[in-house]
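Residue-level structural notes
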Amino acid sequence: MPSSEACKRAVLNAKPSAIKSSFALILYKVLPGQSVKMQARPAAVLVASLHAAFVCIKSSEIILPKSLNLTLLTDPSAISVASHDFGNITTVIPGGVICPSSPVEISRLLTYASNGERKFQVAARGQGHSLMGQAGVPDGVIINMTCLAGVVVSDDMKYADVAGGTLWVDVLKNTAEKGVSPVSWTDYLHVSVGGTLSNAGIGGEVFRNGPQISNVLELDVITGKGEMLACSPQLNSELFYGVLGGLGQFGIITRARIVLNHAPKRAKWFRMLYSDFAAFTKDQERLISMANDTGVDYLEGQLFMSNGVVDTSFFPQSDQSKIADLVKSHGIIYVLEVAKFYDDPTLPIIGQVVDMLNKTLSYLPGFISMHDVAYFDFLNRVKAEEDKLRSLGLWEVPHPWLNLYVPKSQILNFHNGVVKDILLKQNSTSGLTLLYPSNRNKWDNRMSAMVTDEEDVVYIIGILQSATPQNVQEVESLNDSIIRVCKDSGIKIKQYLMHYTRKEDWVEHFGTKWSDFSKRKDLFDPKKLLSPGQDIF
Ligand code: FAD
């Protein structure tokens, strides 16, 4: 545990939303082992919360034996950073933070922590871009994985060995300068390799190349017992498949061997508008079924809704007011987004693909826009959005995001029951709604990651709302009602980046994989030290 003085200062120096969160610390103490959601509270309650927080934080500190030769950071700023995440909804205060200089240091820490009686829990933290405290550890030790970063490209350029805390944007920079590149990307690249491989790592290339977890050849992992193990489909395969999508439960990834391919130089990046949902999804599904050379390399989709912010900036100035009118009159306009990557030699093929898009898709005539951008800029496109939101003070706000997989046969029901009947009926929505299909056969069922099982095509849905401390609970209730509607109407969803607090929800989430998942926990982390912020064990 941090000293009460350190925490006191951490709380006092924290930003307003975090101070509100201090109320939850008390609740946390009352209900050990549970994550606590924060709500906005009147000022008087906040002051009371602060006092109570001081009281609750008085407890023993983590003392590491000198022989471990590890420095535990307990200063307020280290504690404060490690207590929060991108979701901005929870506060989980660790006892200290370690910045390892090598994987051996993590192994030493875990060997000590797991020896004899459990001493404290441990969570690897990449960028803390989790939504509900999944990278947090109450009173335990955070391993700041950004201290372990680096990329080594193999001589034959077929793979890169990447340290667990490396950001994907740095993997891209280091590989692209050699003319090679990973093949599957998240929309946002400022997330860590270990963090996305613990979830799945999904985006617009999944339909063709699979999620990021499907593009890993081997891993170095430190288990909850402190063992340092290399694993792959051939070696320690139980650990390999467990860790991929394993929510940090079985070990800490210190190295991942990532598949590389040729790095194209540029991307032709298109957006097309549809007013008809059936036409939109039909075109999406056709495009993801096409072969590499004749088809697109990236495909996603998003919704423009009349009760939300409609960003038409991708389209020519002359079309922007027409698009706003379309959204007003139709309620929802569906945006198909695709990209085709190319170099000078492949440029002629691009002409054919553009021709195919123009001639065979059923978008609203005239409503197609194309940007020709560098491959790096295309992949790193969300950084510009981050910079914009940061400059407006809108990045560090609560993010009650809901990510779902929906089977293809139920996407129309989902559209009618959720998008039209729930989202569109709100007075307003903030943020982005993504909706695009992917091919289920690009996932490997032996891995821990869950996706709906039943059909060849699965839709990836991101209802990525931003909130304020005042309305975050309202948005969370909306998310709950979306899940309820899906359940009641038999839409077989699976959540992604989910956070359950009840064991039965986890058992239901993993379904037939639950037994293997819990057996692997007993095998690799019997003291249940790792990533307790996921609230599974
Ligand atoms: P953290 O939040 O730090 O950690 C996540 C979990 O993994 C925690 O349980 C943690 O303990 C564990 N962990 C972290 N590092 C390791 C490690 N080395 N070994 C073992 N366990 C570890 N995701 C997508 O799939 N597709 C997207 O398009 C996408 N877009 C995003 C856009 C934005 C703006 C943001 C903020 C997030 C987005 N994400 C997306 C989510 C992102 O993939 C997750 O937040 C993921 O957890 C990676 O973030 P991180 O590296 O900060 O991990």
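Residues numbered from 1 in each chain as written. Predicted model: local features only at pLDDT ≥ 70, side-chain atom pairs only at ≥ 80, totals over all residues. Heavy atoms only, no water.

**A look at the sheet that holds strand 4 (residues 151-153)**
The strand order across the open sheet built from five strands is 4-5-9-7-8, with neighbouring strands paired in antiparallel fashion. Only two strands of the sheet have a single neighbouring strand rather than two, namely strand 4 and strand 8 (228-231). Pairs of neighbouring strands in the sheet enclose a mean axial angle of 15°, with direction left out of account. In the sheet, strand 5 (residues 159-163) pairs with strand 9 (residues 251-259) via five bridges, with the strands oriented antiparallel. Looking at strand 9, one finds that Ala163 is bridged to Arg255. Along the sheet, helix 5 (residues 103-114) makes contact with strand 7 (216-223), strand 8 and strand 9, crossing strand 7 at roughly 45°. (Pairing = 2+ DSSP bridges. Helix = DSSP H or I, 4+ residues; strand = E, 2+ residues; numbered from the N terminus. Axes fitted to C-alpha atoms, helices over the stretch in contact; angles between N-to-C directions. Contact = heavy atoms within 4.5 Å.)

**Some thoughts on the state of the cysteines**
The final tally for this structure, using the stated rule, is one disulfide. A disulfide bridge connects Cys99 with Cys147, and the sulfur atoms are separated by 1.9 Å. Taking the sign of the S-S torsion, -115° for the link of Cys99 and Cys147, the bridge is left-handed. Pair noted here: Cys99 is in the loop between strand 1 (96-98) and helix 5 and Cys147 is in the loop between strand 3 (141-144) and strand 4, with a separation of 48 residues, a long-range link. Residue classification places Cys99 among the partly exposed positions, given a relative accessible area of 41%. For Cys147, a relative accessible area of 25% translates into the label partly exposed. (Disulfide = S-S within 2.5 Å. Buried < 20%, exposed > 50% of the residue type's maximum accessible area, 1.4 Å probe, protein only.)

**Some points on the sheet that holds strand 3**
In space, the three strands of this open sheet follow the order 1-3-2, with parallel pairing throughout. In this open sheet, the two strands that pair with only one neighbour each are strand 1 and strand 2 (122-125). Neighbour-to-neighbour, the strand axes of the sheet open up by a mean angle of 30°, direction not taken into account. Strand direction decides the pairing type here: strand 1 and strand 3, joined by three bridges, are parallel. The residue bridging Val97 from the neighbouring strand is Ile142, located in strand 3.

**Re the packing of helix 15 (residues 411-423) against helix 16 (residues 472-488)**
Two elements in contact, helix 15 and helix 16, have axes separated by 10 Å at closest approach and are oriented at 150°. Judged by the inter-axis angle, helix 15 sits roughly antiparallel to helix 16. Regarding helix 15 and helix 16, the two cross each other, and that crossing is right-handed. Taken together, the residues of helix 16 that come into contact with helix 15 (itself represented by Phe414, Gly417, Val418, Ile422 and Leu423) are Leu478, Ser481, Ile482, Val485 and Cys486. Classifying every residue of the contact of helix 15 with helix 16 by side-chain character gives eight nonpolar, two polar and no charged. (Parallel < 35°, antiparallel > 145°, perpendicular 65-115°, else oblique. Left-handed = near helix turned anticlockwise from the far one by under 90°. Nonpolar A, V, L, I, M, F, W, Y, C, P; charged D, E, K, R; others polar.)

**Here's the deal with the pairing of strand 13 (residues 332-342)**
Most of strand 13 is tucked away, with 11 of its 11 residues classed as buried. Neither face of strand 13 is exposed, since Ile332, Tyr334, Leu336, Val338, Lys340 and Tyr342 on one face and Ile333, Val335, Glu337, Ala339 and Phe341 on the opposite face are all buried. When strand 11 (residues 266-274) meets strand 13, the two strands line up antiparallel, connected through nine bridges. Counted as the bridge partner of Trp269 is Ala339 from strand 13. Pairing between strand 12 (residues 298-305) and strand 13: eight bridges, direction antiparallel. By the bridge assignment, Glu300 is partnered in strand 13 with Glu337.

**Here's the deal with helix 18 (residues 514-524)**
Of the residues making up helix 18, those classed as buried are Trp514, Phe517, Ser518, Arg520, Lys521 and Phe524. Projected down its long axis, helix 18 carries its buried residues within an arc of 155°, all on one side. Among the structural elements, strand 7, helix 9 (237-243) and helix 17 (503-510) are those in contact with the buried residues of helix 18. (Arc of directions from axis to C-beta.)

**Details of the site of the ligand**
In the vicinity of the ligand lie 34 residues, with Ala124, Ser130, Ser192, Ile202 and Tyr496 positioned nearest. Contact distances for the ligand include 2.6 Å between an oxygen atom and a backbone N or O atom of Ala124. Measuring from an oxygen atom of the ligand, one finds a backbone N or O atom of His129 at 2.8 Å. For the ligand, whose free accessible area comes to 950 Å², the fraction covered by protein is 95%. Put simply, the parts of the chain that give the shell around the ligand at least two residues each are strand 2, helix 7 (193-197) and strand 9. Here the residues of the shell around the ligand are counted per class, giving 14 nonpolar, 18 polar and two charged. (Near = heavy atom within 4 Å. Polar contact = N/O pair within 3.5 Å; in protein donor to acceptor, adjacent residues only side chain to side chain. Areas by Shrake-Rupley, 256 points an atom, 1.4 Å probe, with all protein chains shown as cover.)

**Thoughts on the packing of aromatic side chains**
The tally for this structure, following the rule as stated, stands at 26 aromatic pairs. A network of ring pairs unites the aromatic residues Phe250, Tyr500, Trp506, Phe510, Trp514, Phe517 and Phe537 as a single cluster. For Lys119, the ring lying beneath its charged end belongs to Tyr112, and the centroid distance is 4.7 Å. (Phe/Tyr/Trp six-rings, centres within 6.5 Å; stacked < 30°, edge-to-face > 60°. Lys NZ or Arg CZ within 6 Å of the ring centre and 35° of its normal.)

**Overview of the layout of surface pockets**
Its boundaries defined by the atoms lining it, the second largest pocket holds a volume of some 1000 Å³. If you trace the second largest pocket, you find 39 residues lining it, with Ile483, Lys487, Gln495, Met498 and Tyr500 closest to the centre. Those elements that place two or more of their residues in the lining of the second largest pocket are strand 15 (402-407), helix 16, strand 18 (494-496) and helix 17. No other element matches helix 16, which puts six residues into the lining of the second largest pocket. (1 Å grid on protein atoms, 1.4 Å probe; cavity = no way out; pocket = protein on both sides within 12 Å on 5 of 7 lines; lining within 4 Å. Points joined across faces, edges and corners; volume = space filled by probe spheres on them.)

**Let's talk about the confidence of the model for the chain**
Here the chain averages 89 in pLDDT, while 89% of its residues score no lower than 70. Low pLDDT (under 50) marks residues 1-60, which in the prediction has 89 contacts with non-local residues, meaning those over four places away or in another chain. (pLDDT = per-residue confidence, 0-100.)

**Quick notes on the pattern of salt bridges**
Throughout the structure, instances matching the rule amount to 27 salt bridges. The partner of Glu285 in a salt bridge is Lys408, and the shortest N-O contact between them spans 3.7 Å. Taken together, the residues span a long stretch of sequence, with Glu285 in helix 10 (residues 277-288) and Lys408 in the loop between strand 15 and helix 15 at a distance of 123 residues. By relative accessible area, which is 38% here, Lys408 ends up partly exposed. Notably, a salt bridge pairs Arg446 with Asp444, separated by 2.9 Å at the nearest N-O pair. Linked by salt bridges that have partners in common, Asp161, Glu218, Asp220, Arg255 and Arg257 make up one network. (Salt bridge = Lys/Arg side-chain N within 4 Å of Asp/Glu carboxyl O.)

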